[in-house]
Amino acid sequence: MHIPDGFINIPTASASAALAVAGLGYSVRAAKEKLDEKAAPLVGLVAVFIFAGQMINFPVAAGTSGHLLGAVLAAVLVGPHAAALALTVVLAIQALLFADGGLTALGLNVFNMAIVGVWGGYGAFLLVRKVLRSTRSAVLVGSAIAAFISVPLAATAFSLQYAIGGQGTFAASTVFAAMFSTHIVIGIGEAVITTLTVGAILKTRPDLVFGMKKAKA
Amino acid sequence: MEERKINNQTTLETQSKHEHTHGHSAGERLYIHRHSPIHELPGHIKLIAFFTFIVIAVLTPIQQWHSFVGYFLIIFLALGISKLPLLTLAKRATIEFPFIIFALLMPFTAGGESFDIGPVSLSREGSIAGLNLVTKATLGVFCSMILAGSTTAHSLLAGFVRIKTPSLFVQIAAFMIRYLNVINDQMARMKVARESRGFQAEGIRSWPIFTSTLGALFIRSYERGERVHLAMLARGYAGTLSSLSVEKVQAKHWRLGLCFPLMAAISYAVGKVFFS
């Protein structure tokens, strides 16, 4: 569920879009350096993977279900630069064609998920990997913690945008409290799914996992 | 004939009423083939019109309600011209529901001055804010459904090129749209495979099964990406896509495309006069 049109005012959306563009500029440079001309097809297929992966519904309880957001999963699997690009394209297509998130809110959504979610989450991952001395289990623990943190982190970024330019009557503190607490629960689910998926891939193709590079097997 | 039948099975059911597709249907999920001036518009004109229209609408204060009547009339005009099936679009619009619920809460929770409708007391401020959210979000949803229904993937990508989207993003989007159906079909096959082994999704215990599916899906997507890249190199790929031929643009396309944001601007001005 992404921010629709008219929920946050245009000045705040424009400022977020500018920040998102700056972050993406950095991601593009890093991706081109790491992937050369391989970037486009690989990131494209990663974008499809995120898009398709978001359609798998994980049953929770009593008929409710949730789905993966995939920011940290993609970052750990292919690197934060490629993940940020893939997620941006997914968000743009969702806004343009699937009416999921407004076109004027695209900058807000990209900033929250593709920049804050991916790079913030990956920062946490690197930190954990450093502390746990780069082993296979460090990659798993790092994925779990990073995935868990990335979701309330993106929710916090949203709350900040709402506090600056929100067009609702709920107090910013109420929105923050509600967003933060629900997204901590969602973050737990995200952490479990991300860790299990990274674990499943590490079993068969550890060479594909970006977060394993420079880590000891 | 046989070939088209197979093609049609994989595309959306919406095409059953209007069978011929001139080959536009390959890999399209949301596109609904019709012969209309909106369908004929080049992608970049539609993108520019969509963006300008929705920016004008979002910038309009909700108290200036005459303008919004105009915006909805413009949307219905575009819908009428596009000949898109309204029922199919209405089904797609259900994505907006969670925000409508959010907006419906506002009149009951916000404080300040209140007014009564029958036995319920509603906050004036909350009602205005809720109405603001629903109205603008609905306009955005309509725009994106018209774009999705009337634009082929190829036209959209050519449009991205025309509005000077950085090449890397256009290419990523091109690969994403191209392989979306392939990967989706792969996922559907994995679902059939899971279920034929007797798997039933029940609660959190089933998660490891789903995540191993996700893992396999990633490995297959990644390997496909590598294969596609090698195939492209073999055909002489050097970092840019040359296959996105640019559509022919005529003056009448610009006239029609820009007439929607222009009407919105007029609607804005008229609403402002009434409001002040």
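Computed from a predicted structure; not experimentally measured. (Residues numbered from 1 in each chain as written. Chains lettered and ligands numbered in written order. Predicted model: local features only at pLDDT ≥ 70, side-chain atom pairs only at ≥ 80, totals over all residues. Heavy atoms only, no water.)

**Some points on the pairing of strand β1 (residues 114-117) of chain B**
Residue and element names in this part refer to chain B.
Here comes step 1: As judged from the four bridges shared by β1 and strand β2 (residues 120-123), these two strands associate in the antiparallel manner. Looking at the pairing, D116 lines up with S121 of β2.
Here comes step 2: Hairpin remark: β1 followed by β2, antiparallel, with two residues in the connecting loop; positive phi at G118, about 60°. (Pairing = 2+ DSSP bridges. Helix = DSSP H or I, 4+ residues; strand = E, 2+ residues; numbered from the N terminus.)

**Structural notes on empty space enclosed by the protein**
Picture a little ball the size of a water molecule; that probe, rolled over the atoms, points out where space is still empty.
Residue and element names in this part refer to chain B.
Here comes step 1: Across all of its chains, the model carries two cavities of 30 Å³ or more by this definition.
Here comes step 2: Roughly 240 Å³ of internal volume is contained in the largest cavity.
Here comes step 3: For the largest cavity, the lining is made up of 14 residues, of which A49, F50, A78, I146 and F260 are closest to its centre.
Here comes step 4: For the lining of the largest cavity, the secondary structure elements donating two or more residues are α3 (43-59), α4 (65-82), α7 (124-150) and α11 (251-275).
Here comes step 5: Considering each element in turn, the lining of the largest cavity owes the most residues, four residues, to α3.
Here comes step 6: Looking at side-chain class alone, the lining of the largest cavity contains twelve nonpolar, one polar and one charged residues. (1 Å grid on protein atoms, 1.4 Å probe; cavity = no way out; pocket = protein on both sides within 12 Å on 5 of 7 lines; lining within 4 Å. Points joined across faces, edges and corners; volume = space filled by probe spheres on them. Nonpolar A, V, L, I, M, F, W, Y, C, P; charged D, E, K, R; others polar.)

**Some words on α7 of chain B**
Here comes step 1: Counted at 1.5 Å a residue, the expected span for α7 of chain B with its 27 residues is 39 Å, and the 39 Å between its end C-alpha atoms agrees.
Here comes step 2: Here α7 of chain B lies mainly inside the structure; 22 of its 27 residues are buried. (Expected span 1.5 Å × (residues − 1). Buried < 20%, exposed > 50% of the residue type's maximum accessible area, 1.4 Å probe, protein only.)

**Some thoughts on the UniProt feature "transmembrane region" (unreviewed entry) in chain A**
Residues and elements named next belong to chain A.
Here comes step 1: The positions UniProt marks with the feature "transmembrane region" (unreviewed entry) are residues 7-27, 39-56, 68-98, 110-128, 140-164 and 176-202.
Here comes step 2: For the annotated span residues 110-128, helix accounts for 100% and strand for 0% of the residues, and the straight-line distance between the end C-alpha atoms is 25 Å.
Here comes step 3: In residues 176-202, the share of helix is 100% and the share of strand is 0%. The end C-alpha atoms are 36 Å apart. (UniProt positions renumbered as here; feature names shortened; annotations may be inferred.)

**Observations regarding a nonpolar patch on the surface**
Residues and elements named next belong to chain A.
Here comes step 1: The grouping of V131, L132, V141, I145, I149 and L153 at the surface amounts to a nonpolar patch, some 440 Å² of accessible area in total.
Here comes step 2: For the nonpolar patch, the element with the highest residue contribution is helix α6 (residues 136-165), accounting for four residues.
Here comes step 3: Summarising the element assignment, L153 is placed in helix α6.
Here comes step 4: On the accessibility criterion, L153 (32% relative accessible area) is partly exposed. (Patch = residues over 30% accessible without salt bridge, like charges linked within 9 Å, V, L, I, M, F, W, Y side chains within 5 Å. Areas by Shrake-Rupley, 256 points an atom, 1.4 Å probe, with all protein chains shown as cover. Salt bridge = Lys/Arg side-chain N within 4 Å of Asp/Glu carboxyl O.)

**Description of the layout of surface pockets**
Here comes step 1: There is about 1,000 Å³ of room inside the second largest pocket.
Here comes step 2: Lining the second largest pocket are 34 residues, and of these V21, T88, A92 and L106 of chain A together with T165 of chain B lie nearest its centre.
Here comes step 3: Within the residue set of the lining of the second largest pocket, elements represented by two or more residues are α1 (10-35), α4 (80-97) and α5 (106-131) of chain A together with α3 and α9 (167-196) of chain B.
Here comes step 4: Counting residues per element, the lining of the second largest pocket draws most heavily on α1 of chain A, at ten residues.

**Some remarks on the side chain of Q64 of chain B**
Here comes step 1: Inspection of the secondary structure assignment puts Q64 of chain B in the loop between α3 and α4.
Here comes step 2: Not counting the four nearest positions on each side in its chain, Q64 of chain B is found in contact with Y268, G271, K272 and F275 of chain B. (Contact = heavy atoms within 4.5 Å.)

**Quick notes on the interface of chain A and chain B**
Accessible area lost during the coming together of the parts is what is often quoted as the interface size.
Here comes step 1: Taken together, the contact pairs 62 residues of chain A with 69 residues of chain B.
Here comes step 2: Taken together, both faces of the contact between chain A and chain B bury some 6,000 Å²; the carbon and sulfur share is 84%.
Here comes step 3: The tally of links from chain A across to chain B stands at one salt bridge.
Here comes step 4: Across the chain A-chain B interface, the total number found is two residue pairs in polar contact (both at pLDDT 80 or more).
Here comes step 5: Counting residues per element, the ones that place at least two in the side of chain A that touches chain B are α1, α2 (39-53), β1 (58-59), α3 (71-78), α4 and α7 (172-204) of chain A.
Here comes step 6: In terms of residue count, α2 of chain A provides more of the side of chain A that touches chain B than any other element does, 13 residues in total. (Buried area = accessible area lost by both parts, 1.4 Å probe. Polar contact = N/O pair within 3.5 Å; in protein donor to acceptor, adjacent residues only side chain to side chain.)

**Brief notes about the nonpolar core**
Where a protein is soluble and globular, its nonpolar side chains tend to be buried together.
Here comes step 1: Grouped together as the largest cluster of nonpolar side chains are 128 residues, with contacts concentrated most on L85 of chain A together with Y71 and F218 of chain B.
Here comes step 2: Ignoring any residue separated from it by four or fewer positions in sequence, one finds F218 of chain B in contact with F49, L77, V78, I201 and L208 of chain A.
Here comes step 3: Grouped together as the second largest cluster of nonpolar side chains are 14 residues, A105 and F170 of chain A together with M106 and A129 of chain B included. (Core = buried A, V, L, I, M, F, W, Y, C linked by side-chain atoms within 4.5 Å.)

**A closer look at the pattern of salt bridges**
Here comes step 1: Throughout the structure, instances matching the rule amount to three salt bridges over all chains.
Here comes step 2: In this structure, E223 of chain B and R205 of chain A form a salt bridge, with 2.2 Å as the shortest nitrogen-oxygen distance. Highlighted residues: E223 of chain B in helix α10 (residues 207-234) and R205 of chain A in the segment after α7, drawn from two different chains.
Here comes step 3: In this structure, E195 of chain B and K191 of chain B form a salt bridge, with 3.5 Å as the shortest nitrogen-oxygen distance. Of this pair, E195 of chain B and K191 of chain B both sit in helix α9, separated by four residues, roughly a single helical turn.
Here comes step 4: Taken together, the shared-partner salt bridges in this structure form one network comprising R205 and D207 of chain A together with E223 of chain B.

**Focus: the environment of L208 of chain A**
Here comes step 1: One can find L208 of chain A in the segment after α7.
Here comes step 2: Residue L208 of chain A is classed as buried on the basis of its relative accessible area, which comes to 4%.

**Re the packing of aromatic side chains**
Here comes step 1: Inspection of the entire model under this criterion finds 14 aromatic pairs over all chains.
Here comes step 2: Judged by centre distance (5.7 Å) and plane angle (50°), the rings of F218 of chain B and Y222 of chain B are tilted. Of the two residues, F218 of chain B and Y222 of chain B both sit in helix α10, four residues apart, roughly one turn of that helix. For the residue pair F218 of chain B and Y222 of chain B, the accessibility class agrees, reading buried in each case.
Here comes step 3: Put simply, the rings of F7, F158 and Y162 of chain A touch in pairs and so form one group of aromatic residues.
Here comes step 4: For R178 of chain B, the ring lying beneath its charged end belongs to Y179 of chain B, and the centroid distance is 4.6 Å. (Phe/Tyr/Trp six-rings, centres within 6.5 Å; stacked < 30°, edge-to-face > 60°. Lys NZ or Arg CZ within 6 Å of the ring centre and 35° of its normal.)

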